[in-house]
There are 6 protein chains.
Amino acid sequence: MRPDGRAASDMRQIMIEKNYLMHPEGSVLVSFGDTKVICTASVEDRVPPFMRGQGKGWITAEYAMLPRATGQRTIRESSKGKVSGRTMEIQRLIGRALRAVVDLDALGERTVWIDCDVIQADGGTRTASISGAFAAMSLAIEKLAQEKELPLFPVKDFLAAVSAGINSGGEPILDLNYAEDSTADVDMNIVMTGKGEFVELQGTGEEASFTHQELLDMLSIGRAGIERIIDEQKSILGEELTARIVSDVKS
Amino acid sequence: MRPDGRAASDMRQIMIEKNYLMHPEGSVLVSFGDTKVICTASVEDRVPPFMRGQGKGWITAEYAMLPRATGQRTIRESSKGKVSGRTMEIQRLIGRALRAVVDLDALGERTVWIDCDVIQADGGTRTASISGAFAAMSLAIEKLAQEKELPLFPVKDFLAAVSAGINSGGEPILDLNYAEDSTADVDMNIVMTGKGEFVELQGTGEEASFTHQELLDMLSIGRAGIERIIDEQKSILGEELTARIVSDVKS
Amino acid sequence: MRPDGRAASDMRQIMIEKNYLMHPEGSVLVSFGDTKVICTASVEDRVPPFMRGQGKGWITAEYAMLPRATGQRTIRESSKGKVSGRTMEIQRLIGRALRAVVDLDALGERTVWIDCDVIQADGGTRTASISGAFAAMSLAIEKLAQEKELPLFPVKDFLAAVSAGINSGGEPILDLNYAEDSTADVDMNIVMTGKGEFVELQGTGEEASFTHQELLDMLSIGRAGIERIIDEQKSILGEELTARIVSDVKS
Amino acid sequence: MRPDGRAASDMRQIMIEKNYLMHPEGSVLVSFGDTKVICTASVEDRVPPFMRGQGKGWITAEYAMLPRATGQRTIRESSKGKVSGRTMEIQRLIGRALRAVVDLDALGERTVWIDCDVIQADGGTRTASISGAFAAMSLAIEKLAQEKELPLFPVKDFLAAVSAGINSGGEPILDLNYAEDSTADVDMNIVMTGKGEFVELQGTGEEASFTHQELLDMLSIGRAGIERIIDEQKSILGEELTARIVSDVKS
Amino acid sequence: MRPDGRAASDMRQIMIEKNYLMHPEGSVLVSFGDTKVICTASVEDRVPPFMRGQGKGWITAEYAMLPRATGQRTIRESSKGKVSGRTMEIQRLIGRALRAVVDLDALGERTVWIDCDVIQADGGTRTASISGAFAAMSLAIEKLAQEKELPLFPVKDFLAAVSAGINSGGEPILDLNYAEDSTADVDMNIVMTGKGEFVELQGTGEEASFTHQELLDMLSIGRAGIERIIDEQKSILGEELTARIVSDVKS
Amino acid sequence: MRPDGRAASDMRQIMIEKNYLMHPEGSVLVSFGDTKVICTASVEDRVPPFMRGQGKGWITAEYAMLPRATGQRTIRESSKGKVSGRTMEIQRLIGRALRAVVDLDALGERTVWIDCDVIQADGGTRTASISGAFAAMSLAIEKLAQEKELPLFPVKDFLAAVSAGINSGGEPILDLNYAEDSTADVDMNIVMTGKGEFVELQGTGEEASFTHQELLDMLSIGRAGIERIIDEQKSILGEELTARIVSDVKS
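Definitions and limits used
- Residues numbered from 1 in each chain as written.
- Chains lettered and ligands numbered in written order.
- Predicted model: local features only at pLDDT ≥ 70, side-chain atom pairs only at ≥ 80, totals over all residues.
- Heavy atoms only, no water.
- Helix = DSSP H or I, 4+ residues; strand = E, 2+ residues; numbered from the N terminus.
- Rg over C-alpha atoms; globule rule 2.2 N^0.38 Å.
- Buried < 20%, exposed > 50% of the residue type's maximum accessible area, 1.4 Å probe, protein only.
- Contact = heavy atoms within 4.5 Å.
- Areas by Shrake-Rupley, 256 points an atom, 1.4 Å probe, with all protein chains shown as cover.
- Lys, Arg positive; Asp, Glu negative; His and termini not counted.
- Charge placed at Lys NZ, Arg CZ, Asp CG, Glu CD.
- Least-squares fit on C-alpha atoms with pLDDT ≥ 70 in both.
- Phe/Tyr/Trp six-rings, centres within 6.5 Å; stacked < 30°, edge-to-face > 60°.
- Lys NZ or Arg CZ within 6 Å of the ring centre and 35° of its normal.
- Patch = residues over 30% accessible without salt bridge, like charges linked within 9 Å, V, L, I, M, F, W, Y side chains within 5 Å.
- Salt bridge = Lys/Arg side-chain N within 4 Å of Asp/Glu carboxyl O.
- Core = buried A, V, L, I, M, F, W, Y, C linked by side-chain atoms within 4.5 Å.
- Pairing = 2+ DSSP bridges.
- Axes fitted to C-alpha atoms, helices over the stretch in contact; angles between N-to-C directions.
- Buried area = accessible area lost by both parts, 1.4 Å probe.
- Polar contact = N/O pair within 3.5 Å; in protein donor to acceptor, adjacent residues only side chain to side chain.
- Nonpolar A, V, L, I, M, F, W, Y, C, P; charged D, E, K, R; others polar.

Glancing now at the overall build of chain A. Along its length, chain A carries seven helices and nine strands. For 251 residues, the compact-globule estimate of 2.2 N^0.38 gives 18 Å, and the C-alpha radius of gyration of chain A, at 18 Å, lies within 12% of that figure. Judged by the C-alpha coordinates and their principal axes, chain A covers about 55 × 45 × 30 Å. A buried classification covers 62% of the 251 residues belonging to chain A. The long-range share in chain A, meaning contacts at least 24 apart out of those at least 6 apart in sequence, stands at 70%. For chain A, the exposed area adds up to about 9300 Å²; of that, 47% sits on carbon and sulfur atoms. When the 28 positive and 38 negative side-chain charges of chain A are each reduced to one mean point, those points stand 6 Å apart.

Right, here's the structure in full:
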């Protein structure tokens, strides 16, 4: 039994609130237990300089936390005048993960800006961000597809992320909260498609190492967590959009 | 009649949701119509270097907007590596306004950090921020007073802010939304105490000027708006905390 | 009686030295007592990106202090690598104030850069800067009008700024020097046109508040100060330029 | 057969040149084929502020590339005034990986600074950096152990890193050079200890995804590569230092 | 004959206005023709970290130009957020030059901050800055010596700087103005003591080179210029201070 | 006799290793004794904005040191987020010196980027950098001349740099190592062409001054050092390239 009463392979409660803000093309408030992230997707009709003239789109992400998303107030990165390594790592990860399930040619010369702003943090902010960002992005692209003639629907598959770890008792656990994350020996972030393939896999021994068997155990419970999140995404996005995403026509 | 059907001296709907986040000592979600701001107050047991050793406290504020709080996505100040002049002006204003109703000696050598994060913007973000920040600060100081022996309750009076303006028809209007703010000739921010005294008054002709009479008209409708907001603050903070704030013992 | 022997509604000695530097299109050295500011106006034949293609001009200001303009040496903002909130607030104020009395359409697609460099500070640097900048700008635009065909003379009215305050004895005083400014309870900056209308009004209770009556008292002595400064501007700029500025043709 | 004639599971030629520079406590020039990195380890007798007073040491890493380490000149990060996300990600990875095989208590309140400077890049700069940095760090800590009384030898196990990938033909390949890295569908960095346990595992589908079986294939060839690099490390560091690192006394 | 009618070895008119500002311990306005620089010296009772505990003083300089000191407005370095290479070079030169004629032990653990702010530029701003800074520094140190017990008078000798060059006609010329500087093939800055010894010598061929004989010619006219400036410094600083500077007791 | 056994006018051992790196158009590893610098030259087919449309080329240089090039680890300038004054001074010097021996018209609208990265420092890093950069640049321009039709060979003369100084015994010495540089009273950097003309001369009294005779002595031994370095450059670059550089056709 874990501190909050969950079994080792239980997810926390997942909630995705659709169209959370009035201005963005797509937006959700995603919760993994007490971790809450506002994810928005904004469509811009041009691509960054290094992509111009190729007829392809781009997806990029930014991530931040409110200063009091955490137990101790953290200094704003705008006040420090620079973005931390941790933030950069997370925003690179979010963008890369989303690009893996989007047909950038079908998107045309457009950029989808993803913004993940953590308003309350209790572990798993990057996995909640990816899972919520996928929903916000799908909503924005659905809106784009309604307004513009797109050759194909650009979103090719579902995408979600979850964390798994080995706790100090040597047991594999799913979707770590902050208290568990702080004491775990191993922390792994798994990003997977609806078809069950890996998009990213990042496992880190925290001043520790892990065996091949422990890796397999974490992947196994992680896969079940991913399925659970994708079910939630599908229920929120609705049958019609779900059908467009999983349709085989595009691949 | 105004675009959203309000009379010239009507406020938009005000809502203050108390204890909005789990980590901060005080927090609210404040709405002035579609403008929504998360205000948090964090107490730190030390003061900035220029205040040390005087036995007095300090109150400082930071303000930011989510990139898609606005109709067009704005670039994150952390990505630009610097805080804009507008942001600095607003956060200086919020801190200065709050300090005017707090007995810094009674606070002791502590800093109250105020964070105002606009998640949705439709005009009046600075007045909503000040009005919400006062509530978050009061909650945090109430909590502090429960945990520590304070000589006096440091919050000396209520404080709220509202905007008034002269629209292009020459009429004074209260609590401008974004559409009105963009076209008004004059924009005034009024910060007032519960006793009806000014703490800040900032009036700006937008490539225009205004007469003494127009000033008096704006102050008159502004005062009514302030009272309306303070009523809302009182109802949220509750009778007991309200009583401590307006008690005459402190002055 | 005030520390330097002035009556409550006395200005300090005002001096405006015309064409102080050889390179700028317009320049003055302005003194309000011991406060001395070099104000220059530079005309550039293009506007910032957000203004392009509208056929309108722009006026923008920068403000700085020499490190030893003050009693204690202050660190150069270029060495710190960023501009302080106070500096930004002042330069935004100067630019906004000047734009209120200039017909930007008549200016054409040109930028007037205002630079206010305080070489000696004794309170009132922002009001001296605005008052001097108006003179430098008028000189530069006069020169522009001599060289280029302008449809109308773009400067529509005189503009000056002065500070007023409530001293610790509760008395309204005009044009505060540094010693007075440091101890005043209320500090108000008033920017007004030659026609006596407000362009900016910024009143701040310094950890204090002020009443409606105190506001009216400060506005009253402020207005007299503004008239005094505009008289000085007129005498420096000369009859011909004064006539062009106040001519009714333009409005 | 691969472009440079290697079999799928062949490493490029590995060379580690010991004591490459005269000043650092430990230094090597490491080559993985045409990728060449100068790795140095510097010992400082204090730890960063967040570690002070715990009696523990710290290991931190910085990574950079000469502008012409690459085919196209890249702009210096010192000229841009900020470190890129990619650089931060790599230096965080190097530091974290090394800390996993060092007993920070045994190190005492000291920091080992690792600097990895890529002088020539042909793919695999981060894996070469980790593998070389381990050698430089071990040399520096050996020197420290000769000069100071340390309770235990702090290096607990060998550590190396290698890349594996799935090429566009769907085949798993080891130690990708730049040409292969640019076209591979999947790129995985594996950091492993001498005992064959994972310290870091980072797999990325480049606008692609990968299956569980592909993961197992990459791990399998990766493990062989790690062993090959550790053999080289042992031969360079010498029998005596190797014996201290693998000794069981410490664990 | 030169553009402004001077002979090849003529200086422009030199003026040094003493105690130009009210706040600094020492200040002058120095003019070399139309080049005008405000030089101030500020005494601080501590030294930078790298000098602490040695009982020695330090002298450091900062240099800047007003945006319209020049024919074209230059962007403020505070707006750009960084100091240019040219500025750094000049401020390092000024500090180094002044330190050569000051007995830092006699100064005690104090820093003299030199600020050179060019208000109008017409060539030779760095030589005017050094020559004026010497005067400002001497005034500040004289004041310090009046207030504190100093073991010896710290200023050991006079110091001045002048430029010399080879014009496009191959002729050596002294104290180049902007027009001459822009077209000269060679530009040399000479910093010399009152005893006629070099402190700095910086000669640069501007996409050109110069011979040994040309060097000797420039040094010869430079020396005469230095003497001329030092005469002016002596007349401004007065007999008593001059006597303390040239007194042999100190060496 | 000097610390390392050299006579006063002896250079340290000079080595220039040609084509040190695989990617740059020109590259060398240059050693002056234990000082080792990687110099590369990169050709880009465009010039900076201020040079565009003139049909002329440009040469610019960047300089950096590895953190452990020195006895104590120095902080990376990319981590500090800004380039130091010393670095800027050196890179401006290198670029200016090289431009003096290149016919920028003959180069066409191209930029040659010089990068000098000190991997080991023992005094004289700037003179080694210039001397090595000349070789790298010549190699890159030779390659350019083989690939493109150039009107003339752009390199007009050889160029080298050396340091000379006056040691604490008052004796002139050539090519100071770090120990000598730290204790010398005077430090002079001499940059000279193959024809024996000066391109740059920078002499600095380190809290000291130097006489005219000492200047002449340093120039005399410096000239001999320059000849020695140019001999080495010629032997490395080969007879054919040497002939093109010294050919009289171009001047």
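The discussion continues.
Another aspect to go through is the relation of the copies chain D and chain A. Two chain copies, one operation linking them: a rotation about an axis together with a shift along it. The transformation that overlays chain D on chain A combines an axial shift of 0.0 Å with a rotation of 180°, and the residual RMSD is 0.0 Å. Given the turn and translation reported, the copies of this chain are related as if by a two-fold rotation axis. Judged by C-alpha distance, Gln-202 of chain D is the residue of chain D that lies nearest the rotation axis, at 2.2 Å. When the interface residues of chain D are mapped onto chain A, 100% of them again fall at the interface, so both copies present the same face.

Right, let's talk about the packing of aromatic side chains for a bit. Evaluation of the coordinates by the stated rule reveals 18 aromatic pairs over all chains. Ring geometry for Phe-50 of chain C versus Trp-58 of chain C: centroids 5.2 Å apart, planes at 85°, classification edge-to-face. In this arrangement the basic side chain of Lys-234 of chain E is found over the ring face of Phe-158 of chain E, its NZ or CZ atom lying 5.3 Å from the centre.

Okay, a negative patch on the surface next. All names here are of chain A. On the surface, Asp-181, Asp-185, Glu-206 and Glu-207 cluster together to form a negatively charged patch. Position of Asp-185 relative to the elements: it lies in the loop between helix H5 (178-183) and strand E8 (186-193). A relative accessible area of 32% places Asp-185 in the partly exposed class.

So, on to the nonpolar core. Ile-114 of chain A, Ile-114 of chain B, Ile-114 of chain C, Ile-114 of chain D, Ile-114 of chain E together with Ile-114 of chain F are the most contacted members of the largest nonpolar core, which has 474 residues in total. Excluding its chain neighbours within four sequence positions, the residues that come into contact with Ile-114 of chain C are Thr-40, Ala-41, Ile-59, Thr-60, Ala-61, Glu-62, Ile-94, Leu-98, Ala-133 and Met-137 of chain C.

With the exception of glycine, most residues fall at negative phi, and the peptide bonds are largely trans. Phi at Asp-175 of chain B takes a positive value of approximately 55°, unusual for a residue other than glycine. Of note, Asp-175 of chain B is situated in the loop between strand E7 (172-174) and helix H5 (178-183).

A separate point is the sheet that holds strand E5 (residues 111-120) of chain D. Residue and element names in this part refer to chain D. Across the sheet, five strands lie side by side as E1-E2-E3-E5-E4; this open sheet has mixed pairing. The open sheet has two edge strands, strand E1 (14-18) and strand E4 (58-65), and neither has a second partner. Mean inter-strand twist for the sheet, computed between neighbouring axes without regard to direction, equals 20°. Alignment of strand E3 (residues 35-44) against E5, held across nine bridges, turns out to be antiparallel.

Checked against the element boundaries, Arg-126 of chain A lands in helix H4 (residues 125-147). As a buried residue without a salt bridge, Arg-126 of chain A has its nearest oppositely charged side chain in Glu-89 of chain A, at a separation of 4.3 Å.

Next up on the list: the interface of chain D and chain A. With 33 residues of chain D at the interface, the matching set in chain A holds 33 residues. Around 2800 Å² of area is buried between chain D and chain A when both sides are counted, 53% of it from carbon and sulfur atoms. Sorting the residues of chain D by area buried against chain A places Glu-89, Phe-198 and Glu-207 of chain D first, and these three jointly supply 21% of that buried surface. At the boundary of chain D and chain A, one finds two salt bridges. For the salt bridge of Arg-92 of chain A with Glu-89 of chain D, the shortest nitrogen-to-oxygen distance reads 2.6 Å. Our count for the chain D to chain A interface comes out at twelve residue pairs in polar contact (both at pLDDT 80 or more). Looking at the side of chain D that touches chain A, the elements that each hand over two or more residues are helix H2 (85-99), strand E8 (186-193), strand E9 (198-205) and helix H6 (212-237) of chain D. The element contributing the most residues to the side of chain D that touches chain A is E9 of chain D, with eight residues. Of the residues that constitute the side of chain D that touches chain A, the class distribution is 14 nonpolar, ten polar and nine charged.

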